[in-house]
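What follows is each chain in one-letter form.
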Amino acid sequence: MINKLDIDKIFEAARVEEVVGDYVTLKKRGVNLIGLCPFHDEKTPSFYVSPIKGIYKCFGCGKGGHAINFVMEKEMLSYPDALRQLAKKYNIEIAEEQQSPEDLQIQNTRESLFLVSAFAQKCFSENLYQTDEGKSIGYGYLKERGFREDIIQKFQLGYSLTNRSAFTEFAIKAGYKTEYIVKAGLTIEYTSQSGNTKSIIEKEEEGNQSDEKFAEVEKNTNATQNNPSLPLKPLASSYLDRFWGRVLFPIHNVTGRVIAFGGRSLRTDKKTAKYINSPETDIYHKSEILYGIFFAKKEIVSQDNCFLVEGYTDVISMHQSGIENVVASSGTSLTVGQIKLIRRFSKNITILYDGDSAGIKASFRGIDLILEEGMNVKVLLFPDGEDPDSYSKRMSNDEFKSFIKNNSKDFISFKTNLLMGDVQNNPIRKAELIKEIVLSIALIPEAIYRSVYVKECSRILDIEEHILLNELNKLRSKKFNEKNTAPSPSPSVILNKDENVLEQQTSEEKKQLLDASGEHQERDIIRLLLNYGKNIVIVEGEGLDEDGQPISINISLAALIIHELQHDNILFENLLYQNIYNEFVTHLVDDKVPDYNFFISHKSTEISYLTVDLISSPYILSNWKKNSIFTTMEEDILKKSMYNAVYALKNRRLEVMIHDIQKRLKENPPEEETMTLLQTQQGLLETKKTLNAFLGRVIVK
Ligand SMILES: [Zn+2]
């Protein structure tokens, strides 16, 4: 482990433009440098280096970071090894330090989980070839699905025996600690006070339907174990395989290590869930991973497109048909984390879903999420009852490839065609359809793409462009007001802030609004802290000075934000944001404000990456592209941005509380409760009003 002082020295010495300059030819462009991205194939440069900020960022593939990240990424090195390499380059002597026991512990746990998962994969694969049961049932199933031998091997498919503890016993015998086998989600620990194992097995049998029930059983046992105040009766533990009697699909992380499994049951009874997945573990976070990403990433980059399918077998069948840029969001509906993972390799996604109504609904949701991340999306729906797996088997590889090519539609044509059918000559339905499509266009962050889609929409729907633009602007400014993100170049938009926005919305929109957490608001506050925390703003203090003028106080923006949030005991729901915020609070005790360099070189790589993301946000991006119009704007109206962001978050919390009350009221609670609820609601509504009035005042000033 390298000592912190040396790490700081390396960070100081390693100028990002020099380090990157060793690999990329950079040209000066304003205050920045620009070149061809070394991480993806491009002909016009979208790779920026900002010597002032000490970071690089590619606006093509999204890669970004500081000098050390660059070396890690380019040379495929771990963080400490990248530091060592740079220390050599800059002749910095480093004193290696012992790792703290906690650090070692965390690292060891993760590594142990990787090791036991790799071991499990090997066992399950061997079962396919070396046991009678595996050969007849497991291998039999895969052959019946039409999977080729090379494909079975490539995806490391396997089989777990029907003996309920075969794997667990085998792993323990091979020397793996039960603790890690359980933590990796491969084995479930059951304890019972009576020691009646039979009843436990029955219980698990019922619980086998869903992961949730598993979790419940596990949680209960943990609670009993960890609570020393409970009477100490002898506990009988038994360990059973999670995936018994199932064909297994190992899930790999981006670097190709096995982190989890999906298991398909071959039993036909209704009680058994067809698919179960590993639970969340220290190495497996469902919402951040996509099935097949390791096998797909190279091809996603070279095709500059990623196919998104629904299941494990869809991914595998497409590989078998020679299409390798394909991933699945198995086990969850598509998440922002997964979309960001794809964006590391390409900005283009094609959704291939079932043509049934569930598939269509899923694709609508997916489209909006993808658009909101600033990516391009196409859609291909298979005929009802078909999926990529079934379809690819019916055609030759070439036929299948050209089917996909010819039937992928951009999202406007897709939505229009789908909804046009029942519109025909009904003008009201047509108006609704247009609204629906404009709603999606409004999600696209980049104005230039929005305008392209407006043109396209105008053509397809035969509607004048300015009408669409008008509708679009209405939606955008409404969205803007909801989010209260950084002020737009024309502050007049903010003046539209209208507390009745919520009332004017349709119930569906209202629901969406309330479903969402305060993620955007939280992110915006952290963005302001990182970019401008040190900036001094002037606020009015209480009382008057000797000339009878209001006292003005100079205070850092960070201190003002902390003051505002602590006043209402507001915490962040996103733990990463809370951690960054806590650092500011801690530093402020010593009257210091950390700047983004502190966070860029933070020991948590998550914090470091987030910081890079936030300090190269679109507002600053504009600055990189055109002089510094937007940044100046934002600094000028810093205090306004601050109040916007903080009050938007407070407002959001209020809305959620009001929503909860209204929900309870609809259930016709007892009269007494109704009275209390109505009173509370009244109070919240008044607070909201004051908040908005205050916000209005700050903005107008
Ligand atoms: Zn790039």
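The rules behind each value
- Residues numbered from 1 in each chain as written.
- Predicted model: local features only at pLDDT ≥ 70, side-chain atom pairs only at ≥ 80, totals over all residues.
- Helix = DSSP H or I, 4+ residues; strand = E, 2+ residues; numbered from the N terminus.
- Buried ≥ 20, exposed ≤ 12 C-beta atoms within 10 Å, placed from the backbone.
- Contact = placed C-beta atoms within 7 Å.
- Pairing = 2+ DSSP bridges.
- Axes fitted to C-alpha atoms, helices over the stretch in contact; angles between N-to-C directions.
- Core = buried A, V, L, I, M, F, W, Y, C linked by C-beta atoms within 7 Å.
- pLDDT = per-residue confidence, 0-100.

(A) Spotlight on the overall build of the protein. A count of helical and extended segments in the protein gives 33 helices and 18 strands. Looking at the protein as a whole, 35% of its 701 residues qualify as buried. Sequence-distant contacts, at least 24 apart, represent 64% of the contacts inside the protein between residues at least 6 apart.

(B) Highlighting the sheet that holds strand β12 (residues 306-309). Read from one edge of the open sheet, five strands run β13-β12-β14-β15-β16, paired in mixed fashion. Where the open sheet ends on each side, the last strands, each with one partner, are β13 (326-328) and β16 (409-410). Sheet topology places strand β15 (residues 376-381) next to β16; two bridges connect them, and they run antiparallel. Looking at β16, one finds that lysine 378 is bridged to aspartate 410. Packed onto the sheet, helix α15 (residues 357-372) meets β14 (348-353) and β15 and runs at close to 170 degrees relative to β15.

(C) Focus on the nonpolar core. Val116 and Val327 are the most contacted members of the largest nonpolar core, which totals 143 residues. If you tally residues by element for this core, the top one is helix α32 (residues 638-666), at eight residues.

(D) Expanded view of the confidence of the model for the protein. Looking at the protein, pLDDT values average 79 and 82% of them are 70 or higher. In the model of the protein, helix α22 (residues 492-495) stands out as the element of lowest mean pLDDT, 26, in contrast to strand β6 (residues 158-160), which has the highest, 97. For the stretch residues 197-234, pLDDT sits under 50, and the model shows 33 contacts to residues farther than four places along the chain or on other chains. Counting contacts from residues 618-632, a segment whose pLDDT is below 50, to residues more than four positions away or on other chains yields 17 contacts.

(E) The arrangement of the environment of arginine 523 in detail. On the secondary structure map, arginine 523 appears in helix α25 (residues 519-532). C-beta crowding within 10 Å serves as the criterion here: with 21 such atoms nearby, arginine 523 is assigned to the buried category.

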